[in-house]
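Chain by chain, the residues run as shown.
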Amino acid sequence: MRPAPNGDAAAEEEPAVATLPPDARIDLARERADSHADEVLDALDRELVGLVPVKTRIRETAALLLIDRVRARFGIDSARPNLHMCFTGSPGTGKTTVAVRLAELLHRLGYLRRGHLVTVTRDDLVGQYVGHTAPKTKEVLKRAMGGVLFIDEAYYLYRAENERDYGQESIEILLQVMENQRDDLVVVLAGYKDRMDSFFASNPGMSSRIAHHIDFPDYTGDELEAIGRLMLAREGYSLAEEAIPVFREYLDRRREQPRFANARSVRNAIERARLRHANRLIATAGEVGLAELTTLTPEDFLASRVFAAP
Ligand SMILES: Nc1ncnc2c1ncn2[C@@H]1O[C@H](COP(=O)(O)OP(=O)(O)OP(=O)(O)O)[C@@H](O)[C@H]1O
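Numbers given to residues run from 1 along each chain, matching the order in which its sequence is written. A pLDDT threshold of at least 70 governs which residues receive local features in this predicted model, and a stricter bar of 80 or more applies before side-chain atom pairs are shown or counted, although totals over entire chains, interfaces and linings include all residues. Side-chain measures here rest on the full set of heavy atoms in the structure, leaving out hydrogens and waters.

**Q** Please explain the pattern of salt bridges as it appears in this structure.
**A** Two side chains of opposite charge can pair, provided their charged atoms sit close to one another. Here, a salt bridge means any side-chain nitrogen of Lys or Arg that lies within 4 Å of a carboxyl oxygen of Asp or Glu. The tally for this structure, following the rule as stated, stands at 23 salt bridges. For D165, the salt bridge is made with R122, and the minimal N-O distance between the two is 3.0 Å. Taken as a pair, D165 in the loop between β3 (148-152) and α7 (167-180) and R122 in helix α5 (residues 122-125) lie far apart in primary sequence, 43 residues in all. Judged on exposure class, the residue D165 and its partner R122 are both buried. Numbering goes from the N terminus for both helices and strands, where a helix is a DSSP run of H or I of at least four residues and a strand is a run of E of at least two. Per-residue accessibility, obtained with a 1.4 Å probe over protein chains only, is compared with the maximum for each type, and a residue is labelled buried under 20%, exposed over 50%, and partly exposed between these values.

This is the structure:
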């Protein structure tokens, strides 16, 4: 048994469980309830609009780990499944959010002892000078042990044009740990699909260690609208009837513009609408009630209006 470095109760030593006799029966519904995995899966369903194939893969992974645990109770000795993953998709498609929930789920199912997420990019792993990369990468790995290491835009670790790039050194350390300490760390590589594909083509060692590839598609217009409504509801706002087409038109236009970042752009649009809403109310200098305080109107989504000066 591993020690519990963070003092987490769930990570503390469990008493040895005797192997069940071959004719024993296990109530899977009870096992499932005891793991509390469904709470995480339900949270994922609640907080993310759409992404059905992604959610299905996460549920399947949960089922695999639960069944693995039950098999172990019968003394079946199978290798721990390899859970290193690759999440492909554009910015703002929910990759980080899913990774957070995945870490939590793997912890509840006893796969990871801590279940935290450490998010890094190339700059956190690779140094600028000779001798700086190994300590940087090792420090990140140390922080991530017992949880999930999420490497955003992982392809920047490899620079085809420079054979002596320090990124290669970091990749080699990662590969070793992904192989030798995979019972204590899950690595998720994330980024655009085409760039991830060419990264794997140039790094077959990395490709062979990633068992699960999950694609996060760009959201449709309807999904972006639903995401917006969900975010608004969480913040205690709603859209006035006339604001719905205006918000939708804004999203449709924004999707065509550069640097569109899916749900992240929706969040930013809402932040700006909140700002305009507040300024609009202040500018009226009149009385307000619950309805005014919680309802966004069309003008809150129209960028050109300035409400600062009454
Ligand atoms: N399907 C969704 N439903 C509701 N909110 C979402 C959805 N997808 C993403 N979001 C929200 O959008 C924001 C950005 O999502 P997230 O950071 O998970 O995306 P990402 O793919 O990791 O992007 P990046 O690579 O740019 O970090 C978060 O606030 C997240 O909660």
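**Q** Help me understand the sheet that holds strand β2 (residues 117-120), please; the structure alone is not making it clear to me.
**A** When DSSP finds two or more bridges between a pair of strands, those strands are recorded as paired. Spatially, the five strands line up as an open sheet ordered β2-β3-β4-β1-β5, and their pairing is parallel. The open sheet has two free edges, formed respectively by β2 and β5 (212-216), since each of these has just one partner strand. The mean inter-strand angle of the sheet, taken between neighbouring strand axes irrespective of direction, is 20 degrees. Pairing between strand β1 (residues 85-89) and β5: five bridges, direction parallel. Bridge pairing in β5 places C86 opposite H213. Contacts from helix α4 (residues 95-108) reach β1, β2, β3, β4 (186-191) and β5 within the one sheet, and its direction differs from that of β1 by about 155 degrees. Angles here are taken between N-to-C directions and fall from 0 to 180 degrees, while the axes themselves are lines fitted to C-alpha atoms, restricted in helices to the stretch in contact. Note on definitions: a residue-residue contact is assigned when non-hydrogen atoms from the two residues lie within 4.5 Å.

**Q** What am I meant to see in the domain arrangement of the protein chain here?
**A** Interface size is commonly expressed as the accessible surface area that is lost when the partners come together. Its domain assignment divides the protein chain into domain 1 (19-216) and domain 2 (221-301). Domain extents, as shown, originate in an automatic or database domain assignment. Relative placement of domain 1 and domain 2: their C-alpha centres are 35 Å apart. On the side of domain 2, nine residues touch domain 1, which itself brings eight residues to the contact. By buried area we mean the combined loss of accessible area, with a 1.4 Å probe, across both parts when two parts are placed together. Carbon and sulfur atoms make up 58% of the surface buried where domain 1 meets domain 2, a total of about 590 Å² over both sides. Together, V49, P91 and G92 form the three largest contributors to the area buried by domain 1 at its contact with domain 2, with a combined 67%.

**Q** Quick question: what am I supposed to make of the pairing of β3 here?
**A** Residues in a regular strand project their side chains so that they alternate between the two faces of the sheet. Most of β3 sits inside the fold, with four of its five residues counted as buried. Strand direction decides the pairing type here: β2 and β3, joined by four bridges, are parallel. When the bridges of β3 are listed, T119 appears paired with F150. Where β3 meets β4, five bridges bridge the pair, whose relative direction is parallel. In the sheet register, F150 faces β4, and the bridge partner there is V188. Note on handedness: a clockwise path from strand one over the helix to strand two, with the strands aimed away from the viewer, defines a right-handed crossover. Read as a crossover between parallel neighbours, the route from β3 over α7 to β4 is right-handed.

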